[in-house]
Amino acid sequence: MYKRGRVRIPYPERIPLQYAIAFATLLSAFQLYQGTNPFFSLYSFLFIAIAAIAFNLAGGFTRPSGAYVFFYAVLAVILGLCWKAILGEAADSHLLLPLLTMKVFLGGITAMLGAVFISRRLTAKRPLLGRMVTDSNIQNATVGCMVTGLVLTAVLTFVPRQSGSILSSLAQINRFLPMAMMLGVIHQIRRSGGTSSINLPVLISGTVMFIGGLFSFSKEGIFTPIVCWLIAVGSQRYKLKLYQVIGLILVAIFMVRYLVPYSQYGRNYRSETGSITEEAAIAISFLADLDNVRQKSAANAADEFENEAQGYYNTPQGLFDRLQMISVDDALIDLTERKGAFGYAPIVNGFANFIPHVFWPNKPSIGYGNVYAHQLGGLTDDDTTTGISFSPSGEGYHIDRWVGVLILAPVLWIMLFTLFDSLCGTVRETPWGLLVIALFSHSAPEGMLGGVIYMLGFSAFSIVVAAFSATYLMPLLGTLFKGPERITLQRSAPIGSKQRASGALSRWHQPLN
(Lines give C-alpha, C1' and ligand atoms only; values in the text may rest on other atoms or scores of the structure.)
Protein backbone atom coordinates (compact mmCIF):
# COMPACT_ATOMS: atom_id res chain seq x y z
CA MET A 1 0.00 0.00 0.00
CA TYR A 2 1.12 3.55 -0.59
CA LYS A 3 1.59 6.02 2.16
CA ARG A 4 0.42 9.58 1.82
CA GLY A 5 2.89 12.32 1.00
CA ARG A 6 4.12 10.83 -2.26
CA VAL A 7 4.10 12.44 -5.70
CA ARG A 8 2.84 10.57 -8.74
CA ILE A 9 4.81 10.90 -11.97
CA PRO A 10 2.49 12.66 -14.47
CA TYR A 11 1.43 10.37 -17.30
CA PRO A 12 -1.54 12.08 -18.93
CA GLU A 13 -4.06 10.04 -20.86
CA ARG A 14 -5.93 13.19 -21.84
CA ILE A 15 -5.68 16.93 -21.33
CA PRO A 16 -8.95 18.68 -20.41
CA LEU A 17 -9.70 20.93 -23.36
CA GLN A 18 -10.75 23.82 -21.14
CA TYR A 19 -7.30 23.78 -19.49
CA ALA A 20 -5.56 23.75 -22.86
CA ILE A 21 -7.66 26.67 -24.09
CA ALA A 22 -7.04 28.61 -20.88
CA PHE A 23 -3.29 28.04 -21.24
CA ALA A 24 -3.36 29.05 -24.92
CA THR A 25 -5.36 32.18 -24.06
CA LEU A 26 -2.88 33.17 -21.35
CA LEU A 27 0.09 32.62 -23.65
CA SER A 28 -1.56 34.62 -26.44
CA ALA A 29 -2.24 37.46 -24.02
CA PHE A 30 1.45 37.54 -23.05
CA GLN A 31 2.44 37.48 -26.71
CA LEU A 32 0.19 40.42 -27.56
CA TYR A 33 1.48 42.37 -24.58
CA GLN A 34 5.04 41.75 -25.75
CA GLY A 35 4.31 43.09 -29.23
CA THR A 36 3.65 39.89 -31.19
CA ASN A 37 1.66 40.17 -34.41
CA PRO A 38 -1.99 39.35 -33.57
CA PHE A 39 -2.24 36.81 -36.38
CA PHE A 40 0.89 35.00 -35.14
CA SER A 41 -0.66 34.92 -31.67
CA LEU A 42 -3.92 33.58 -33.12
CA TYR A 43 -2.08 30.80 -34.97
CA SER A 44 -0.26 29.91 -31.74
CA PHE A 45 -3.59 29.71 -29.88
CA LEU A 46 -5.12 27.45 -32.54
CA PHE A 47 -2.00 25.26 -32.65
CA ILE A 48 -2.20 24.54 -28.91
CA ALA A 49 -5.95 23.87 -28.98
CA ILE A 50 -5.75 21.50 -31.95
CA ALA A 51 -2.72 19.75 -30.47
CA ALA A 52 -4.70 19.04 -27.28
CA ILE A 53 -7.61 17.63 -29.30
CA ALA A 54 -5.27 15.42 -31.33
CA PHE A 55 -3.50 14.21 -28.17
CA ASN A 56 -6.77 13.25 -26.51
CA LEU A 57 -8.16 11.58 -29.63
CA ALA A 58 -4.98 9.51 -29.98
CA GLY A 59 -5.33 8.20 -26.42
CA GLY A 60 -2.69 10.36 -24.75
CA PHE A 61 0.42 8.65 -23.50
CA THR A 62 -1.31 5.28 -23.48
CA ARG A 63 -0.61 4.91 -27.22
CA PRO A 64 2.43 5.63 -29.38
CA SER A 65 0.41 7.97 -31.61
CA GLY A 66 -0.57 10.14 -28.65
CA ALA A 67 3.05 10.37 -27.52
CA TYR A 68 4.10 11.39 -31.04
CA VAL A 69 1.55 14.22 -31.05
CA PHE A 70 2.75 15.38 -27.63
CA PHE A 71 6.46 15.41 -28.39
CA TYR A 72 5.93 17.06 -31.78
CA ALA A 73 3.70 19.81 -30.39
CA VAL A 74 5.67 20.52 -27.22
CA LEU A 75 9.28 20.10 -28.31
CA ALA A 76 8.90 21.59 -31.79
CA VAL A 77 6.68 24.57 -31.02
CA ILE A 78 5.02 25.09 -27.62
CA LEU A 79 8.12 25.05 -25.42
CA GLY A 80 9.83 27.59 -27.68
CA LEU A 81 6.81 29.90 -27.59
CA CYS A 82 6.62 29.65 -23.80
CA TRP A 83 10.31 30.39 -23.33
CA LYS A 84 10.00 33.47 -25.56
CA ALA A 85 7.15 34.69 -23.35
CA ILE A 86 9.17 34.06 -20.18
CA LEU A 87 12.08 36.06 -21.63
CA GLY A 88 9.72 38.91 -22.47
CA GLU A 89 10.41 38.71 -26.21
CA ALA A 90 7.88 39.01 -29.02
CA ALA A 91 7.12 35.49 -30.27
CA ASP A 92 7.55 36.48 -33.93
CA SER A 93 10.91 38.21 -33.49
CA HIS A 94 14.10 36.93 -35.18
CA LEU A 95 12.10 35.04 -37.80
CA LEU A 96 12.34 35.59 -41.55
CA LEU A 97 8.74 34.62 -42.37
CA PRO A 98 7.00 34.41 -38.99
CA LEU A 99 3.39 34.28 -40.20
CA LEU A 100 4.05 31.68 -42.89
CA THR A 101 6.15 29.59 -40.49
CA MET A 102 3.37 29.53 -37.89
CA LYS A 103 0.84 28.74 -40.61
CA VAL A 104 2.95 25.73 -41.59
CA PHE A 105 2.99 24.49 -38.00
CA LEU A 106 -0.76 25.08 -37.70
CA GLY A 107 -1.36 23.22 -40.96
CA GLY A 108 0.92 20.43 -39.75
CA ILE A 109 -0.89 19.90 -36.43
CA THR A 110 -4.28 20.05 -38.21
CA ALA A 111 -3.08 17.41 -40.67
CA MET A 112 -1.82 15.35 -37.73
CA LEU A 113 -5.27 15.54 -36.12
CA GLY A 114 -6.74 14.17 -39.34
CA ALA A 115 -4.10 11.42 -39.40
CA VAL A 116 -4.97 10.42 -35.84
CA PHE A 117 -8.70 10.36 -36.67
CA ILE A 118 -8.20 8.07 -39.68
CA SER A 119 -5.58 5.83 -38.05
CA ARG A 120 -7.84 5.10 -35.09
CA ARG A 121 -10.28 3.51 -37.54
CA LEU A 122 -7.56 1.46 -39.20
CA THR A 123 -5.78 0.28 -36.05
CA ALA A 124 -6.17 -3.36 -35.03
CA LYS A 125 -8.54 -3.89 -32.11
CA ARG A 126 -6.02 -6.07 -30.30
CA PRO A 127 -2.27 -5.46 -30.31
CA LEU A 128 -0.51 -7.69 -32.81
CA LEU A 129 2.40 -8.29 -30.44
CA GLY A 130 -0.04 -9.12 -27.67
CA ARG A 131 0.59 -9.55 -23.98
CA MET A 132 3.51 -11.90 -24.41
CA VAL A 133 5.41 -11.00 -21.24
CA THR A 134 4.00 -12.89 -18.25
CA ASP A 135 4.66 -13.42 -14.55
CA SER A 136 6.73 -16.45 -15.39
CA ASN A 137 9.22 -14.78 -17.70
CA ILE A 138 9.43 -11.02 -17.10
CA GLN A 139 12.40 -11.19 -14.72
CA ASN A 140 14.43 -13.51 -16.91
CA ALA A 141 13.40 -11.49 -19.98
CA THR A 142 14.87 -8.44 -18.28
CA VAL A 143 18.15 -10.21 -17.52
CA GLY A 144 18.32 -11.68 -21.03
CA CYS A 145 17.76 -8.27 -22.65
CA MET A 146 20.41 -6.76 -20.40
CA VAL A 147 23.02 -9.41 -21.22
CA THR A 148 22.29 -9.25 -24.96
CA GLY A 149 22.41 -5.46 -24.89
CA LEU A 150 25.73 -5.44 -23.06
CA VAL A 151 27.29 -7.91 -25.49
CA LEU A 152 26.02 -6.08 -28.58
CA THR A 153 27.09 -2.72 -27.19
CA ALA A 154 30.61 -4.02 -26.56
CA VAL A 155 30.84 -5.56 -30.03
CA LEU A 156 29.47 -2.47 -31.77
CA THR A 157 31.82 -0.25 -29.78
CA PHE A 158 35.09 -2.10 -30.26
CA VAL A 159 34.65 -3.90 -33.58
CA PRO A 160 34.83 -1.69 -36.73
CA ARG A 161 31.79 -1.91 -38.97
CA GLN A 162 30.92 -0.79 -42.45
CA SER A 163 27.66 0.36 -43.94
CA GLY A 164 25.58 -2.62 -45.03
CA SER A 165 27.45 -5.11 -42.86
CA ILE A 166 25.85 -7.50 -40.38
CA LEU A 167 27.12 -5.35 -37.52
CA SER A 168 25.50 -2.30 -39.10
CA SER A 169 22.20 -4.19 -39.25
CA LEU A 170 22.56 -5.24 -35.60
CA ALA A 171 23.19 -1.62 -34.62
CA GLN A 172 19.86 -0.61 -36.15
CA ILE A 173 17.86 -3.21 -34.22
CA ASN A 174 19.79 -3.02 -30.95
CA ARG A 175 17.12 -1.79 -28.52
CA PHE A 176 17.87 -4.35 -25.84
CA LEU A 177 19.26 -2.08 -23.10
CA PRO A 178 16.29 0.34 -23.18
CA MET A 179 13.96 -2.68 -23.26
CA ALA A 180 15.80 -4.25 -20.30
CA MET A 181 15.50 -1.01 -18.37
CA MET A 182 11.77 -0.64 -18.95
CA LEU A 183 10.93 -4.28 -18.26
CA GLY A 184 13.13 -4.14 -15.17
CA VAL A 185 11.38 -1.03 -13.84
CA ILE A 186 7.93 -2.57 -14.39
CA HIS A 187 8.99 -5.83 -12.77
CA GLN A 188 10.52 -4.09 -9.75
CA ILE A 189 7.48 -1.89 -9.18
CA ARG A 190 5.11 -4.82 -9.33
CA ARG A 191 7.38 -7.12 -7.35
CA SER A 192 7.77 -4.56 -4.53
CA GLY A 193 4.13 -3.53 -4.50
CA GLY A 194 5.08 -0.03 -5.57
CA THR A 195 7.79 0.72 -3.01
CA SER A 196 10.77 0.72 -5.41
CA SER A 197 11.45 0.99 -9.13
CA ILE A 198 15.16 0.22 -9.54
CA ASN A 199 16.91 -3.14 -9.44
CA LEU A 200 20.31 -4.35 -10.63
CA PRO A 201 19.42 -4.87 -14.34
CA VAL A 202 17.86 -1.40 -14.43
CA LEU A 203 20.93 0.13 -12.82
CA ILE A 204 23.39 -1.68 -15.10
CA SER A 205 21.44 -0.98 -18.31
CA GLY A 206 20.94 2.68 -17.48
CA THR A 207 24.56 3.17 -16.45
CA VAL A 208 25.91 1.63 -19.67
CA MET A 209 23.64 3.80 -21.83
CA PHE A 210 24.59 6.89 -19.83
CA ILE A 211 28.32 6.21 -20.10
CA GLY A 212 27.92 5.57 -23.82
CA GLY A 213 26.24 8.95 -24.16
CA LEU A 214 29.04 10.64 -22.21
CA PHE A 215 31.83 9.09 -24.27
CA SER A 216 30.09 9.86 -27.57
CA PHE A 217 29.10 13.40 -26.47
CA SER A 218 25.49 12.57 -27.29
CA LYS A 219 22.69 14.44 -25.53
CA GLU A 220 20.26 11.76 -26.67
CA GLY A 221 22.44 9.06 -25.13
CA ILE A 222 22.85 10.99 -21.89
CA PHE A 223 19.12 11.61 -21.45
CA THR A 224 17.83 8.23 -22.73
CA PRO A 225 18.13 6.39 -19.36
CA ILE A 226 16.17 9.13 -17.59
CA VAL A 227 13.54 9.17 -20.33
CA CYS A 228 13.16 5.36 -20.23
CA TRP A 229 12.79 5.38 -16.45
CA LEU A 230 10.26 8.24 -16.46
CA ILE A 231 8.14 6.60 -19.17
CA ALA A 232 8.15 3.24 -17.40
CA VAL A 233 7.32 4.54 -13.91
CA GLY A 234 4.75 6.95 -15.31
CA SER A 235 2.95 4.14 -17.11
CA GLN A 236 2.70 2.25 -13.81
CA ARG A 237 1.44 5.28 -11.87
CA TYR A 238 4.40 5.04 -9.59
CA LYS A 239 4.66 7.54 -6.75
CA LEU A 240 7.86 9.15 -5.55
CA LYS A 241 8.75 10.21 -2.05
CA LEU A 242 9.54 13.88 -1.53
CA TYR A 243 13.29 13.33 -1.27
CA GLN A 244 13.21 11.37 -4.54
CA VAL A 245 11.44 14.26 -6.28
CA ILE A 246 14.05 16.69 -4.96
CA GLY A 247 16.83 14.36 -6.08
CA LEU A 248 15.31 14.05 -9.55
CA ILE A 249 15.08 17.84 -9.86
CA LEU A 250 18.72 18.25 -8.78
CA VAL A 251 19.84 15.64 -11.30
CA ALA A 252 17.91 17.42 -14.06
CA ILE A 253 19.50 20.76 -13.12
CA PHE A 254 22.98 19.21 -13.13
CA MET A 255 22.42 17.60 -16.53
CA VAL A 256 21.11 20.80 -18.10
CA ARG A 257 23.75 23.03 -16.51
CA TYR A 258 26.80 20.85 -17.08
CA LEU A 259 26.20 17.81 -19.29
CA VAL A 260 24.37 19.57 -22.12
CA PRO A 261 27.24 22.11 -22.58
CA TYR A 262 29.69 19.21 -22.16
CA SER A 263 28.12 17.25 -25.03
CA GLN A 264 27.94 20.32 -27.26
CA TYR A 265 31.53 21.35 -26.58
CA GLY A 266 32.95 17.83 -26.75
CA ARG A 267 31.69 17.23 -30.30
CA ASN A 268 34.29 19.73 -31.52
CA TYR A 269 37.10 17.59 -30.08
CA ARG A 270 36.21 14.12 -31.31
CA SER A 271 39.15 11.85 -32.10
CA GLU A 272 40.16 12.19 -35.75
CA THR A 273 41.11 8.51 -35.89
CA GLY A 274 37.90 7.35 -34.21
CA SER A 275 39.92 5.54 -31.55
CA ILE A 276 37.81 4.46 -28.60
CA THR A 277 40.66 4.99 -26.14
CA GLU A 278 41.36 8.50 -27.47
CA GLU A 279 37.72 9.51 -27.26
CA ALA A 280 37.45 8.06 -23.76
CA ALA A 281 40.53 10.04 -22.70
CA ILE A 282 39.05 13.24 -24.14
CA ALA A 283 35.73 12.62 -22.41
CA ILE A 284 37.36 11.90 -19.04
CA SER A 285 39.50 15.05 -19.24
CA PHE A 286 36.39 17.15 -19.92
CA LEU A 287 34.36 15.45 -17.19
CA ALA A 288 37.11 16.25 -14.71
CA ASP A 289 36.66 19.98 -15.38
CA LEU A 290 32.96 20.42 -16.12
CA ASP A 291 32.74 24.02 -14.92
CA ASN A 292 35.50 25.13 -17.27
CA VAL A 293 33.94 23.16 -20.12
CA ARG A 294 30.60 24.86 -19.45
CA GLN A 295 32.20 28.30 -19.62
CA LYS A 296 34.03 27.48 -22.86
CA SER A 297 30.85 26.08 -24.38
CA ALA A 298 28.99 29.28 -23.47
CA ALA A 299 31.77 31.36 -25.04
CA ASN A 300 31.60 29.27 -28.24
CA ALA A 301 27.84 29.67 -28.36
CA ALA A 302 28.19 33.44 -27.97
CA ASP A 303 30.73 33.57 -30.81
CA GLU A 304 28.48 31.51 -33.08
CA PHE A 305 25.56 33.75 -32.15
CA GLU A 306 27.49 36.85 -33.23
CA ASN A 307 29.13 35.42 -36.34
CA GLU A 308 26.28 33.38 -37.78
CA ALA A 309 22.58 33.83 -38.38
CA GLN A 310 20.81 34.78 -35.16
CA GLY A 311 18.72 32.18 -33.38
CA TYR A 312 15.18 32.45 -32.07
CA TYR A 313 16.07 34.34 -28.90
CA ASN A 314 17.84 37.66 -28.25
CA THR A 315 20.71 35.85 -26.54
CA PRO A 316 22.00 32.23 -26.51
CA GLN A 317 19.77 30.04 -24.33
CA GLY A 318 21.74 26.79 -24.22
CA LEU A 319 19.46 23.77 -24.17
CA PHE A 320 16.38 25.86 -24.92
CA ASP A 321 17.90 26.84 -28.28
CA ARG A 322 17.51 23.18 -29.22
CA LEU A 323 14.12 22.55 -27.63
CA GLN A 324 12.29 24.34 -30.45
CA MET A 325 12.18 23.91 -34.20
CA ILE A 326 10.59 27.28 -34.99
CA SER A 327 13.74 29.14 -36.04
CA VAL A 328 15.31 26.32 -38.09
CA ASP A 329 12.04 25.55 -39.86
CA ASP A 330 11.61 29.26 -40.54
CA ALA A 331 14.98 29.32 -42.32
CA LEU A 332 14.01 26.26 -44.40
CA ILE A 333 10.61 27.73 -45.27
CA ASP A 334 12.27 30.99 -46.31
CA LEU A 335 14.68 28.99 -48.50
CA THR A 336 11.69 27.27 -50.13
CA GLU A 337 10.05 30.61 -50.86
CA ARG A 338 13.24 31.99 -52.40
CA LYS A 339 14.49 28.98 -54.40
CA GLY A 340 11.49 26.73 -54.83
CA ALA A 341 10.44 23.32 -53.50
CA PHE A 342 13.07 20.60 -53.20
CA GLY A 343 11.02 17.75 -54.63
CA TYR A 344 10.25 14.19 -53.55
CA ALA A 345 13.77 12.72 -53.65
CA PRO A 346 13.95 12.46 -49.80
CA ILE A 347 10.76 10.39 -49.74
CA VAL A 348 11.76 8.12 -52.62
CA ASN A 349 15.24 7.55 -51.18
CA GLY A 350 13.78 6.99 -47.72
CA PHE A 351 11.69 4.06 -48.92
CA ALA A 352 14.46 2.84 -51.23
CA ASN A 353 16.67 2.58 -48.17
CA PHE A 354 14.58 -0.43 -47.09
CA ILE A 355 16.25 -2.47 -49.84
CA PRO A 356 18.96 -4.59 -48.18
CA HIS A 357 22.58 -4.04 -49.17
CA VAL A 358 22.76 -7.63 -50.40
CA PHE A 359 20.40 -6.64 -53.24
CA TRP A 360 21.84 -3.13 -53.68
CA PRO A 361 25.56 -3.28 -52.77
CA ASN A 362 26.29 0.35 -53.64
CA LYS A 363 23.19 1.79 -52.01
CA PRO A 364 23.84 5.49 -51.29
CA SER A 365 23.44 6.91 -47.81
CA ILE A 366 22.14 10.45 -48.03
CA GLY A 367 21.51 12.59 -44.97
CA TYR A 368 19.02 15.21 -46.06
CA GLY A 369 19.62 17.26 -42.94
CA ASN A 370 23.12 17.72 -44.35
CA VAL A 371 21.78 18.50 -47.83
CA TYR A 372 19.40 21.16 -46.49
CA ALA A 373 22.18 22.64 -44.33
CA HIS A 374 24.31 23.04 -47.46
CA GLN A 375 21.38 24.73 -49.20
CA LEU A 376 21.13 27.17 -46.31
CA GLY A 377 24.85 27.89 -46.56
CA GLY A 378 25.69 26.74 -43.06
CA LEU A 379 28.34 24.12 -43.96
CA THR A 380 31.55 23.92 -45.93
CA ASP A 381 31.49 22.04 -49.25
CA ASP A 382 33.52 19.12 -47.92
CA ASP A 383 31.31 18.56 -44.85
CA THR A 384 29.15 15.54 -45.64
CA THR A 385 28.35 14.41 -42.10
CA THR A 386 27.07 17.41 -40.14
CA GLY A 387 23.39 18.07 -40.49
CA ILE A 388 20.56 20.22 -39.16
CA SER A 389 17.37 18.74 -37.80
CA PHE A 390 13.99 20.05 -38.94
CA SER A 391 10.45 19.20 -37.97
CA PRO A 392 8.33 16.95 -40.23
CA SER A 393 6.14 19.93 -41.16
CA GLY A 394 9.13 22.08 -42.06
CA GLU A 395 10.55 19.40 -44.34
CA GLY A 396 7.11 18.70 -45.78
CA TYR A 397 6.81 22.34 -46.84
CA HIS A 398 10.31 22.30 -48.32
CA ILE A 399 9.51 19.17 -50.35
CA ASP A 400 6.30 20.40 -51.98
CA ARG A 401 4.98 23.40 -50.08
CA TRP A 402 1.38 22.90 -48.86
CA VAL A 403 0.98 19.57 -50.64
CA GLY A 404 3.87 18.32 -48.51
CA VAL A 405 2.27 19.63 -45.30
CA LEU A 406 -1.39 18.77 -45.88
CA ILE A 407 -1.19 15.58 -48.00
CA LEU A 408 2.26 13.96 -47.89
CA ALA A 409 2.90 14.35 -44.17
CA PRO A 410 -0.52 13.08 -42.97
CA VAL A 411 -0.33 10.06 -45.30
CA LEU A 412 2.97 9.09 -43.68
CA TRP A 413 1.58 9.80 -40.20
CA ILE A 414 -1.47 7.60 -40.88
CA MET A 415 0.90 4.77 -41.80
CA LEU A 416 3.06 5.40 -38.72
CA PHE A 417 0.23 5.67 -36.20
CA THR A 418 -1.67 2.69 -37.62
CA LEU A 419 1.43 0.49 -37.63
CA PHE A 420 2.69 1.19 -34.12
CA ASP A 421 -0.71 1.40 -32.43
CA SER A 422 -1.60 -1.94 -34.06
CA LEU A 423 1.69 -3.53 -33.02
CA CYS A 424 1.80 -2.24 -29.45
CA GLY A 425 -1.75 -1.40 -28.41
CA THR A 426 -1.80 0.61 -25.21
CA VAL A 427 0.89 0.66 -22.55
CA ARG A 428 -1.73 -0.79 -20.20
CA GLU A 429 -1.77 -3.93 -22.35
CA THR A 430 1.86 -4.40 -23.41
CA PRO A 431 5.23 -2.82 -22.58
CA TRP A 432 6.37 -2.52 -26.20
CA GLY A 433 4.70 0.83 -26.66
CA LEU A 434 6.94 2.26 -23.94
CA LEU A 435 9.99 1.66 -26.10
CA VAL A 436 8.26 3.27 -29.08
CA ILE A 437 7.38 6.30 -26.95
CA ALA A 438 11.03 6.66 -25.97
CA LEU A 439 12.00 6.62 -29.67
CA PHE A 440 9.27 9.12 -30.55
CA SER A 441 10.54 11.58 -27.94
CA HIS A 442 13.46 12.25 -30.28
CA SER A 443 12.07 11.58 -33.76
CA ALA A 444 8.69 13.35 -33.48
CA PRO A 445 9.97 16.94 -33.12
CA GLU A 446 13.16 16.74 -35.17
CA GLY A 447 13.20 13.52 -37.18
CA MET A 448 11.75 15.13 -40.32
CA LEU A 449 9.63 13.03 -42.69
CA GLY A 450 12.66 10.86 -43.34
CA GLY A 451 12.51 9.91 -39.69
CA VAL A 452 8.88 8.82 -40.11
CA ILE A 453 9.89 6.56 -42.99
CA TYR A 454 12.82 5.17 -40.99
CA MET A 455 10.47 4.39 -38.11
CA LEU A 456 8.08 2.62 -40.48
CA GLY A 457 10.85 0.24 -41.52
CA PHE A 458 13.87 -0.19 -39.31
CA SER A 459 12.36 0.93 -35.99
CA ALA A 460 9.23 -1.19 -36.47
CA PHE A 461 11.40 -4.20 -37.25
CA SER A 462 13.55 -3.54 -34.18
CA ILE A 463 10.43 -3.39 -31.98
CA VAL A 464 9.21 -6.72 -33.34
CA VAL A 465 12.65 -8.26 -32.81
CA ALA A 466 12.81 -6.85 -29.28
CA ALA A 467 9.32 -8.13 -28.44
CA PHE A 468 9.83 -11.67 -29.73
CA SER A 469 13.35 -11.86 -28.30
CA ALA A 470 12.21 -10.62 -24.90
CA THR A 471 9.35 -13.12 -24.92
CA TYR A 472 10.93 -16.30 -26.28
CA LEU A 473 14.71 -16.00 -26.35
CA MET A 474 15.69 -13.68 -23.51
CA PRO A 475 13.94 -15.64 -20.75
CA LEU A 476 16.01 -18.70 -21.76
CA LEU A 477 19.17 -16.62 -21.75
CA GLY A 478 18.21 -15.08 -18.41
CA THR A 479 17.63 -18.54 -16.96
CA LEU A 480 21.19 -19.52 -17.90
CA PHE A 481 22.55 -16.57 -15.94
CA LYS A 482 20.29 -16.48 -12.88
CA GLY A 483 18.26 -19.65 -12.88
CA PRO A 484 14.48 -20.11 -13.10
CA GLU A 485 12.05 -17.48 -11.86
CA ARG A 486 11.49 -17.75 -8.14
CA ILE A 487 9.61 -14.55 -7.40
CA THR A 488 5.86 -14.25 -7.71
CA LEU A 489 4.60 -10.78 -8.49
CA GLN A 490 2.10 -9.37 -6.04
CA ARG A 491 -1.43 -9.71 -7.28
CA SER A 492 -2.65 -6.37 -6.07
CA ALA A 493 -4.62 -3.50 -7.46
CA PRO A 494 -2.84 -0.83 -9.46
CA ILE A 495 -0.12 0.98 -7.63
CA GLY A 496 -1.40 3.97 -5.77
CA SER A 497 -5.06 2.95 -5.89
CA LYS A 498 -7.52 1.11 -3.72
CA GLN A 499 -8.40 -2.50 -4.23
CA ARG A 500 -11.11 -2.94 -6.85
CA ALA A 501 -12.99 -6.04 -7.75
CA SER A 502 -14.23 -4.74 -11.07
CA GLY A 503 -12.27 -4.47 -14.29
CA ALA A 504 -12.52 -0.70 -14.38
CA LEU A 505 -8.77 -0.37 -14.45
CA SER A 506 -6.62 -1.36 -17.37
CA ARG A 507 -5.15 -4.80 -17.75
CA TRP A 508 -1.53 -3.69 -17.70
CA HIS A 509 -2.01 -2.52 -14.11
CA GLN A 510 -3.38 -5.93 -13.23
CA PRO A 511 -1.13 -9.00 -12.83
CA LEU A 512 0.78 -9.81 -15.99
CA ASN A 513 -1.02 -13.08 -16.63
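Residues numbered from 1 in each chain as written. Predicted model: local features only at pLDDT ≥ 70, side-chain atom pairs only at ≥ 80, totals over all residues. Heavy atoms only, no water.

### Looking at the overall build of the protein
What counts here: Here a strand is any run of E in DSSP of at least two residues, a helix any run of H or I of at least four, and the numbering for each starts at the N terminus. Residue contacts are counted whenever heavy atoms from the two residues lie within 4.5 Å of one another. Reported accessibility uses the Shrake-Rupley method at a 1.4 Å probe radius. Residues are deemed covered only where the shown protein chains occlude them.
Of regular secondary structure, the protein possesses 19 helices and two strands. Sequence-distant contacts in the protein: of pairs separated by 6 or more residues, those separated by 24 or more amount to 80%. Of the roughly 23200 Å² of accessible surface on the protein, a fraction of 64% belongs to carbon and sulfur atoms.

### Quick look at the nonpolar core
Taken as a class, soluble globular proteins show a tendency for nonpolar side chains to be buried jointly. The following threshold applies: Throughout, nonpolar core names a set of buried Ala, Val, Leu, Ile, Met, Phe, Trp, Tyr and Cys residues whose side chains join them through atoms within 4.5 Å. Relative accessible area decides the class of each residue, using a 1.4 Å probe on protein chains only: under 20% of the type maximum gives buried, over 50% gives exposed, and in between gives partly exposed.
Within the largest apolar cluster, 111 residues are counted, with the highest numbers of intra-cluster contacts made by Phe47 and Tyr68. In this view, phenylalanine 47 contacts Tyr72, Ala73, Val77, Ile78, Met102, Phe105, Leu106 and Ile109; residues no more than four positions away in its chain are not counted. Within the second largest apolar cluster, twelve residues are counted, among which are Phe217, Met255, Tyr265 and Val293.

### A look at a nonpolar patch on the surface
Threshold: Only residues whose relative accessible area exceeds 30% and that form no salt bridge enter a patch; like-charged residues are grouped when within 9 Å of one another, and nonpolar side chains (Val, Leu, Ile, Met, Phe, Trp, Tyr) when within 5 Å. In what follows, salt bridge is the name for a side-chain nitrogen of Lys or Arg lying within 4 Å of a carboxyl oxygen of Asp or Glu.
A cluster of nonpolar residues, Tyr344, Val348, Phe351, Phe354, Trp402, Val403, Leu406, Ile407, Val411 and Met415, forms a patch on the protein surface that exposes about 830 Å² of accessible area. Within the residue set of the nonpolar patch, elements represented by two or more residues are helix H15 (345-352) and helix H17 (392-424). Take the nonpolar patch: its biggest share by element is six residues, from H17. Position of valine 403 among the secondary structure elements: in helix H17.

### Points about the environment of glycine 59
In this structure, glycine 59 sits in the loop between helix H2 (38-58) and helix H3 (64-87). Each C-alpha atom, one on glycine 59 and one on glutamate 13, is 6.0 Å from the other, the two residues being 46 residues apart in sequence. Those residues within four positions of glycine 59 in sequence are excluded, and the remaining contacts are Glu13 and Arg120.

### Brief notes about the pattern of salt bridges
If you walk through the whole model with that rule in mind, you get five salt bridges. One salt bridge connects arginine 338 with aspartate 334, and the closest N-O pair in it is separated by 2.8 Å. Here aspartate 334 and arginine 338 lie together in helix H14 (residues 326-339), a separation of four residues that amounts to about one turn. In this structure, arginine 401 and glutamate 337 form a salt bridge, with 3.3 Å as the shortest nitrogen-oxygen distance. Linking arginine 401 in helix H17 with glutamate 337 in helix H14, this pair joins segments that are 64 residues apart in sequence.

### Regarding the side chain of glutamine 317
Short version of the rule: Pairing of N or O atoms within 3.5 Å defines a polar contact, subject to two protein rules: one partner must be a possible hydrogen donor and the other a possible acceptor, and residues neighboring in sequence count only if both atoms are side-chain atoms.
Relative to the helices and strands, glutamine 317 resides in the loop between helix H12 (290-307) and helix H13 (319-322). In this structure the side chain of glutamine 317 is engaged in a polar contact, spanning 3.0 Å, whose partner is the side chain of tryptophan 83. In this structure glutamine 317 touches Trp83 and Leu87, once residues within four positions along its chain are discounted.

### Here's the deal with the packing of helix H1 (residues 17-33) against H3
Which entries qualify depends on this criterion: Here an axis means a line fitted to C-alpha atoms, over the contact stretch when the element is a helix, while the angle between two N-to-C directions is reported on a 0 to 180 degree scale. Any angle that falls under 35 degrees is termed roughly parallel, while one over 145 is termed roughly antiparallel, one within 65 to 115 roughly perpendicular, and all others oblique. Whether a crossing is left-handed or right-handed is set by the direction in which the near helix is turned from the far one by less than a right angle, anticlockwise for left-handed and clockwise for right-handed. All amino acids are sorted into three groups, where Ala, Val, Leu, Ile, Met, Phe, Trp, Tyr, Cys and Pro are nonpolar, Asp, Glu, Lys and Arg are charged, and the leftover types, Gly among them, are polar.
Close contact between H1 and H3 brings their axes to 10 Å; oriented N to C, the two are set at 45 degrees. Taken together, the axis directions place H1 and H3 in an arrangement best described as oblique. Judged by the twist between their axes, the crossing of H1 over H3 is left-handed. Counting all contacts with H1, which are made through Phe23, Leu27, Phe30 and Gln31, the residues of H3 involved are Ile78, Leu81, Cys82 and Ala85. Of the residues belonging to the contact of H1 with H3, the class tally is seven nonpolar, one polar and no charged.

### Overview of the packing of aromatic side chains
Our working definition: Whether two aromatic rings pair depends on their centres lying within 6.5 Å, for rings of Phe, Tyr and Trp, where Trp uses its six-membered ring; planes under 30 degrees apart make the pair stacked, over 60 edge-to-face, and the rest tilted.
For the structure shown, the criterion picks out 25 aromatic pairs. Between phenylalanine 61 and phenylalanine 71, the aromatic rings sit 5.7 Å apart at their centres with planes inclined by 70 degrees, giving edge-to-face as the arrangement. Residue phenylalanine 61 is found in the loop between H2 and H3, and its partner phenylalanine 71 is found in helix H3; the two are separated by ten residues along the sequence. Since its relative accessible area comes to 9%, phenylalanine 61 is described here as buried. Taking relative accessible area as the criterion, phenylalanine 71 reaches 12% and is therefore assigned buried. Each ring, one from phenylalanine 217 and one from tyrosine 262, has its centre 5.2 Å from the other, and the planes form 45 degrees; the classification is tilted.

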